[in-house]
Structure formats: structure tokens, C-alpha cells
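Listed here are the chains, written in short residue letters.
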Amino acid sequence: MSALRQKVPLAGNVGMVLGSALQSAAKGNSHTAAPAAAILWPDKEQQWQSALPALRELLPGLCILGAYDPERRSGPAVWLKCAIAGLLPEVQFDGVPVVYLPGVSRSELRAIESCPRDLQPLAELQYRGVLWSQVNGKDWTLSAFLASKNGGLGLDVAQDKATQEALGQALQAGVLLECTLDELKSRTINAEWLLSLLAPNPTRDLLQWMNDPDAARSQWGVVLWDVFYKRCKGDFGFDPIADGVLVAAERLAKAEGKWSAVLELYRDSYNSFPNIFGLLAKIQPPQMGLFPDQDLLSGYPQANEQGEAALRYALSACAGMDAPQARAAVLAADKEHGIRRAWLWIHMGHSPLAAALAHLAQVAERSAVLPIGQTPTELASSYQHTGWQVDEAALQALACVHSKSDLDAVSAALRAMYLPWLEEAARRLQEAVKSVGGLTSSPVQDADGSLDGTCTVFVDGLRYDVAKRLERRLSSLGTTSLSARWTSMPSVTASGKAWCSPVAGYIAGSPDDADFEPRVAADGKPLSGHNFHKLLNEYGVEPLEKHETGNPKAQAWTETGDLDHYGHAHGIRLARDMETQLDQVLERVEELCGAGWKRIRIVTDHGWLLMPGGLPKSELAKHQAETRWGRCAVLKDSVHGTPLTFGWDWCKDVQVAYAPGVSSFIAGSDYAHGGISLQECLVPVLQLDCTGAIAQAASVTIQSVAWKGLRCTIAVDGAAPGQRVDIRTKAALASSSLAASAKSIEGGKASLAVADDEQMGSAAVVVVLSVDGEVLQKQATTVGGN
């Protein structure tokens, strides 16, 4: 029996249609009395052999002429004929068997006299069965089946050599059989499209190969490696075998032509390719004379490292300058090196000095202006307006550097600019305090029913500029307001904590109190932790331990964070770890808001001074002091007061001497408090109304979150200019971001990538951020999946 023309079903994917075409071939024999014994599928060129694993799922009756392997229904002609005849109990067919004949043509079966002996047992089946071949008698090749309108799919297939080769590769890789007919009907099937099918993301493939060439080639196998090789030569003008990874690194550094897209992908996902930086670091930047084009150097880590070395020298040189000279030097350095903050290496942590320089430039500009005023109140107002920004910039600069050499360079510039500013600002406040006889402050007295629904959160050592930073982070939870007041003199924890508590009106001091610890006014008992909590309970303020949330309709006091202890223990490192310290505060506030508290009031006892290299030393003879702290000392009764001596606020009979300016009675201290300065004595009071964010977020809606690999596309309705999206593990914590950077919403959409491919499958939260970083909306998601 010869094959008759059959109508091929044109629905589903190519694999399904191929299986249906083979099974339909048996129907061409329906005019005879006997059903077809088998469908013979000759394939002289063995083009279809790579598709057999997929076709076994679609054709249960498929068997193969080849080596004896009963499990795969493969065997010699005699074994196949016995199986088709039903003589082998272990081989059963559901329907007409399809016999695939690799290396055998239709003409060989037809010529029985010359048919190879080992094939002759199957030759007679062409009379009892049907041959699946073209109407013209030729074997079905892959190209013919796709293109033919007589028994094939009738698709538009290019006939050039490159396309024919790519067709075989696409079939071998399994991707061609998965293509739907609807997708194929609308296009010309050519080599370019087939290669894009086999390697849909050639830029990522190139980075994967550069990151680990041997592993990539082993993972891809022969077909995909051959496709990758062709894409490299055709798209990127590069031979991965002859040129190697260093040449690829040179092209990546230059980022010319299509390599610019490779560099852009590397910028978004460099954490996924950790070995590439080492390759790029080997590439020498081009020699460009005295006035190099910095944009052309941006792809070279060596150029960045040379810039860091030059900047390290320039900042270190500030140690021998006065303040105006150091400011001018820092601003000149920023003009030269600031461009490197737009380079990739800063995000990878390889430009710490360039990052610190942005904040040092702020110190240089803002420290040229001192707080203005004749009274403590006027100086406080000036500091709250702009002065705190100098302190914040100094902290941020120190936070950027980790190595000793970098820290020394930043410290040299800071001491030259920041220390004189601190010193003069402190002296101005001290003169104002002397003129009025103190800071004219009074303790908080608010333990009454008017503050029901308020939980007071005490944070030890929350300086005003740090409270500004905390306020920005808390704004996602509601409406915030930040004010300031003077703490007790001296500004130490034992005094200041009682001073800012809701029960301050029921506390007093005496000359016998040690270490500035006052006592309960009613019974004279020392204000230990136990007695302090007892006093709070007595006046209707519930003390809460750690994760306790209490009654949100009453009043409560809780303590969290410990900046002061961390500063005393670690000194300069406090600047680097500040965000981690504030994480504790934020998590506690979130916990209280979630429990139903309407208002959170954050208070503190004192601020502090932080100066790399230590504060200046001030002399105070040991025989003059009863007890001596870093910035203050209790004088003995027989000693006359120093020029800067005031009574203890809890008991004026206790005379306290203060170190002048920002000096310390104890040498070598980077971190200290207890003296008289705006940073230590002007303490923040930060209030959060927990329901404030609801109305602001009402107009913004996350419409959809769609993932393609590690890239996420977010559609947002009602977004305003300046709003951004981010992907985080904790909605309110910017430090938990998984993205390379938050992205602006443009046209109602934003697209951003997760930097680390190890996060694939992790739980995350998509957040919409206001211009100020407030979380307006959030939606749970899974990295890499919808």
C-alpha cells in the first residue's frame, strides 16, 4: 500500500500535529477490506531521530528499527515484525504501530530484490500497511513537512542552508515541537528567528559564558553551544573559541554596539555573574592623555581604582590644612571624582571614597555656615533649620568606608572641616548658656488621661539628625512630626531618661545621688529600673517589655534600640551600622502600630559627638573631681567652679563642670556625650500618628505584577510624578530591597530586576513609594513567578 494524501490537523503545537499526521496515515487505507498492519516511516537522512523522545509521549505505538532495547521498543527487523504480529507478549500496541526507519529510504523498501537482507522482514509490510511519505514519493524531511501544502503544514520556510541547519538544531533541542501553529503561521521561519528561539536571551548567555566558560558549555550541550557560537560571531562580532573570555571582557568594557546591551544587563544583575568583575579588572584602560573622556573609562575597574587612589591621597592631604583650605580641596576633588558615582563600580562597593565624597562635599558646603543666635533658643532654631545637616553628612561619609586606609582618608578631611565647626558651634551655645544660667529646660510632665492611646518609645542616644533619618523611614506608617527640646544638664542617660519620661514630675534628686541617678520624689528610693517601672504603673503608664504591646487605649512606655551603648562600644563604627540600629526601632514601632496604637511618641535622653581620631583633650585635675566623665565631672565641695560650671538639673546643689568646646576630660574618645553642645543637648521628640498613611495611599493601586525570570514589570494605576516602585523582603525597610535600584513609574509602569538570582522563588513585597520614600501601596509576590 502506498501513502495517500491526508488532511493534516492544523491545531496545537508542531509535535501534536506531527503525531496526528502519522496516526492519520493509516486512514488512507480505509478503502481496503483489511486494516493497515503498520505505518512505515522512512527517514534516510535521520532528520527526525532527535524528536523521538518527545514523540514517544504522543505515539504510544511508536517502535524503532535499531539496536535491541525492548523498553524503548527498539530492535532489528525480525524482532519488530514479531512484535507487530502480536507474537511478543511484552509488546502490545494500542492502535496501528508506527515503525520509524532511520537511515532507510522509501525507495530501498520498494526495491525488494535489492533490499538489504536485514531489512527484508519489514519490506512486505508496505503491502499490508502504509508508508508515511510525501505525495511525490520522497521521504518527509523536516523542511518539507513544515513547508508543503500537500500533506504538510504549508508554512513559510526559508530554504537557505543556514535555515535548514537551524531547523535541525531547533528540533534536536525540543523547542520546535513546542511551537504552536498559530505562532508559526504569522512569520517567516528563517535562521535568525530559529536562533532566537534556541537562545532567546543571547546577552545573558554571553554573560553566563564569561562568568564560567566550562560550566556554561557543559550545561548547554552540543546544540546550544553551537547556537551560542553562531550568535557570538553574528551578533557580537566575537569568536568565543579563538578570542576567549579576556577579549570578551575588553568588548564589554568598551560597550560598543550590541555590547552596550550586555553591559546594561550586567549592571542590572552583576550579582548573578560574580566572576566577571575579575575579568574586567584585568583589562587596562585606554591611554587618553591629560584630559581623558571619563565616559570612555567607565567600563574599566582599573580606571576606577586609579581614581580611588588619587582621591585617597587628596583627602589625606587635608590633614595639614585649615578648614577653608580643606573645604576648597574637597569641593575640587568632588568636581573631579564625582562622575565616578555614575559608574557601575560604586554599586558593587568598589568606589567607597567616591561615595563618601558626595557627603564630604555636603560637609564642606554646609560647615562654612555656623548656627546663628545669641540665646540657646535662637541657636536651637538655627540648628534645626540647617545645622543638623552637617552632622548627618559627616555620619553618612563615615558610613561609606570600611578599610583602614579609606577611613583614615575620610577622617582626615572630616577633622579638618567638621571639628572646627563643632567646636565653634559648641562655644556659641556655651556662651549663650552662661548668659542665662542654664538651658532653662524643664522635665516632661504628661502622665495623665489626655495622652490615652499614646505609647512612648524611649531610644537611648537618638540624636536630632538621626531622628530626621528615622522620621523619613516612619513616614510610611502614618503622619509624622518632629520637634526638639533641651534635655537635662548634664546630658547623660541616668538623668535624661527620667527627664523625658511621662512621670518626670514625680522624680527628684539629692546631693547624695551617685552617677546622676535621681530618685522617686515621694519615698526617696533610687530610680532603679524596678522603681521606675513601679512609678510608671502608679501613674497609669504601662511599662512594656520587648515584644509586649499592651492596651492601645491606655498609655504605655517601652524601650528599644541602643545607639548609645553601641557608640561607646564601637565608636566610629556606629556611623556604618546606623541603619541596622534604626531597623530595631522601626520594627518595634511597626509592631505597636499593628497592635492598634494610634500614636507613637519617640523620645530620648541625649545626643552625642562622634569625631574620628578622638575629641580634643581638656585638662581637669583629679583632686578637683568627685567623679569624672568624658564631657563632664562632679566637682568636690571644696573646689571652686570652672568657667563652665552649672548645677545638676535634678539637684542644683550638685555642681557639674563641663569640658569647653567639644573637648573631653578623657583622652582618645571618638564617641562621647554629657557636655554642652547642640548635638548632645537638643534632643528630638518624634511623634507618629499611625493612621495617616491610609488616605495618602488610597489613590494608588497596583494593577499587576508580572515576572519574566528575575525581571519584574509592575503596572500602577493613579501614580503621581516622582513615585517609584521597589521589591523588598520587608515593606517598610529600604535596606531589605532585592532590586538593583528602585525605578520611577513612567506611563503607569515600571520594570526592575532582582540583582541576586539566588532569590529566585523567594517571598517578597512589591511596594509603591512616594517622592519621600513613603510606602503608599504594597503587594505580596514571589520572585520569578506570578
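Note that this is a predicted model, so its numbers are computed, not measured.

1. Observations concerning the overall build of the protein
Within the protein, the secondary structure is distributed over 29 helices and 28 strands. Against the compact-globule benchmark of 28 Å for 786 residues, the protein has a radius of gyration of 39 Å, which places it well outside the compact range. Summarising its shape, the C-alpha atoms of the protein cover approximately 130 × 70 × 45 Å along the three principal directions. Considering only contacts in the protein between residues 6 or more positions apart, those separated by 24 or more positions represent 69%. When the accessible surface of the protein is split by element, carbon and sulfur atoms take 51% of a total near 34400 Å². For the protein, the separation between the mean place of its 70 positive charges and that of its 87 negative charges on side chains is 5 Å.

2. Here's the deal with unusual backbone geometry
Cis geometry marks the peptide bond from Met489 to Pro490; its omega dihedral reads 0 degrees. Within the secondary structure layout, Pro490 lies in the loop between β9 (479-486) and α23 (493-499). Positive phi, normally seen in glycine, also occurs at Gln46, with a value near 55 degrees. For Gln46, the location among the structural elements is in the loop between β1 (39-43) and α2 (52-58). Given the relative accessible area of 38%, Gln46 is considered partly exposed. In this structure, Phe516 is a non-glycine residue whose phi angle is positive, near 60 degrees. Tracing the backbone shows Phe516 in the loop between β10 (507-508) and β11 (519-520).

3. Describing the sheet that holds strand β5 (residues 130-131)
Through backbone hydrogen bonds, the strands of a sheet pair up, either in parallel or in antiparallel fashion. One open sheet holds the five strands; their spatial order is β3-β2-β4-β1-β5, and the pairing between them is parallel. Sheet topology places β3 (74-75) and β5 at the edges, where each strand pairs with a single neighbour. Where β1 meets strand β4 (residues 98-102), five bridges bridge the pair, whose relative direction is parallel. Bridge pairing links Trp41 to Tyr100 in β4.

4. A few points about helix α21 (residues 404-436)
Of all the bends found along α21, the most pronounced is centred on Arg415 and spans about 40 degrees. Looking one or two residues past α21, Gly437 carries a phi angle of roughly 80 degrees, positive in sign.

5. Things to note about the side chain of Asp726
Here Asp726 lies in strand β24 (residues 724-728). On the basis of relative accessibility, which here comes to 4%, the residue Asp726 falls in the buried class. Within the local environment of Asp726, its side chain forms a polar contact with the side chain of Ser737, the two groups lying 2.9 Å apart. Leave out the neighbours within four places in its chain, and Asp726 touches Ser737, Ala739, Ala742, Leu752, Val765, Val766, Val767 and Leu769.

6. Topic: the sheet that holds strand β27 (residues 763-769)
In spatial order, the strands read β25-β24-β27-β28; together these four strands make up an open sheet with antiparallel pairing. Both edges of this open sheet fall to β25 (743-744) and β28 (775-782), since each of them pairs with a single strand only. In terms of strand pairing, β27 meets β28 through seven bridges, oriented antiparallel. Bridge assignment links Ala763 to a residue of β28, and that residue is Thr782.

7. Remarks on the pattern of salt bridges
In this structure the tally under the stated criterion is 31 salt bridges. For Asp577, the salt bridge is made with Arg573, and the minimal N-O distance between the two is 3.0 Å. For Arg573, a relative accessible area of 41% puts it in the partly exposed group. Ionic contacts of the salt-bridge type, sharing partners, join the residues Arg469, Arg473, Glu579 and Asp583 into one network.

8. What to know about helix α13 (residues 244-254)
Each full turn of the α-helix corresponds to 3.6 residues, which orients residues three or four apart in the same direction. Residues of α13 that are buried: Gly244, Ala248, Ala249, Leu252 and Ala253. On its buried face, α13 sits against α11 (202-211), α14 (259-269) and α15 (276-280). Where α13 ends, the next residue or the one after it, Ala255, has phi of about 55 degrees, a positive value.

9. Some thoughts on the nonpolar core
Core analysis: the largest hydrophobic core is formed by 116 residues, its most contacted members being Leu315, Val410, Ile600 and Ile602. Per-element accounting of this core gives the leading share, 14 residues, to α21. Sequence-distant contacts of Ile600, defined by excluding residues within four places in its chain, comprise Cys455, Val457, Val589, Leu592, Cys593, Leu686, Gln687, Leu688 and Cys690. Counting 45 residues, the second largest nonpolar core, distinct from the first, contains Ala21, Leu59, Ile64 and Ala166.

10. Let's talk about the packing of helix α17 (residues 301-316) against helix α19 (residues 352-366)
Across the interface, α17 lies against α19 with an axial gap of 9 Å and an inter-helix angle of 45 degrees. The angle between α17 and α19 falls in the class oblique. Crossing of α17 against α19: the hand is left-handed. Across the interface between the two elements, Glu308, Leu311, Arg312 and Leu315 of α17 pack against Pro352, Leu353, Ala354, Leu357 and Leu360 of α19. Residue composition of the contact of α17 with α19, by class: seven nonpolar, no polar and two charged.

11. Details of the environment of Glu192
Locating Glu192 in the fold gives a position in helix α10 (residues 191-198). Its relative accessible area of 65% is what places Glu192 among the exposed residues. Glu192 sits 356 residues away from Glu548 along the chain, and the two C-alpha atoms are 64 Å apart.

12. Looking at the pairing of strand β18 (residues 645-648)
When β18 meets strand β19 (residues 651-658), the two strands line up antiparallel, connected through four bridges. When the sheet's bridge partners are listed, Gly647 is paired in β19 with Gln655. The hairpin formed by β18 and β19 contains two residues between the paired strands.

13. Here we look at the packing of α19 against helix α20 (residues 376-399)
With their axes 8 Å apart at the nearest point, α19 and α20 run at an angle of 155 degrees to one another. Considered as vectors, α19 and α20 are oriented roughly antiparallel to each other. Of the two elements, α19 crosses α20, and the hand of that crossing is left-handed. In this structure, α19 uses Ala356, His359, Leu360, Gln362, Val363 and Arg366 to contact α20, whose residues at the interface are Gln389, Val390, Ala393, Ala394, Gln396 and Ala397. Residue composition of the contact of α19 with α20, by class: seven nonpolar, four polar and one charged.

14. Some thoughts on the side chain of Asp139
Along the chain, Asp139 falls in the loop between β5 and α7 (142-147). Despite being buried, Asp139 has no salt bridge partner; Arg106 is the closest side chain of opposite charge, sitting 6.4 Å away. Separated by 3.3 Å, the side chain of Asp139 and the backbone nitrogen of Lys44 make a polar contact. At 3.3 Å, the side chain of Asp139 and the backbone nitrogen of Arg106 are in polar contact.

Quick notes on the rules
Residues numbered from 1 in each chain as written. Predicted model: local features only at pLDDT ≥ 70, side-chain atom pairs only at ≥ 80, totals over all residues. Heavy atoms only, no water. Helix = DSSP H or I, 4+ residues; strand = E, 2+ residues; numbered from the N terminus. Rg over C-alpha atoms; globule rule 2.2 N^0.38 Å. Contact = heavy atoms within 4.5 Å. Areas by Shrake-Rupley, 256 points an atom, 1.4 Å probe, with all protein chains shown as cover. Lys, Arg positive; Asp, Glu negative; His and termini not counted. Charge placed at Lys NZ, Arg CZ, Asp CG, Glu CD. Buried < 20%, exposed > 50% of the residue type's maximum accessible area, 1.4 Å probe, protein only. Pairing = 2+ DSSP bridges. Bend = angle between axes of the 7 residues up to and from the residue. Polar contact = N/O pair within 3.5 Å; in protein donor to acceptor, adjacent residues only side chain to side chain. Salt bridge = Lys/Arg side-chain N within 4 Å of Asp/Glu carboxyl O. Core = buried A, V, L, I, M, F, W, Y, C linked by side-chain atoms within 4.5 Å. Axes fitted to C-alpha atoms, helices over the stretch in contact; angles between N-to-C directions. Parallel < 35°, antiparallel > 145°, perpendicular 65-115°, else oblique. Left-handed = near helix turned anticlockwise from the far one by under 90°. Nonpolar A, V, L, I, M, F, W, Y, C, P; charged D, E, K, R; others polar.

Honestly, it's all geometry; don't read function into it.
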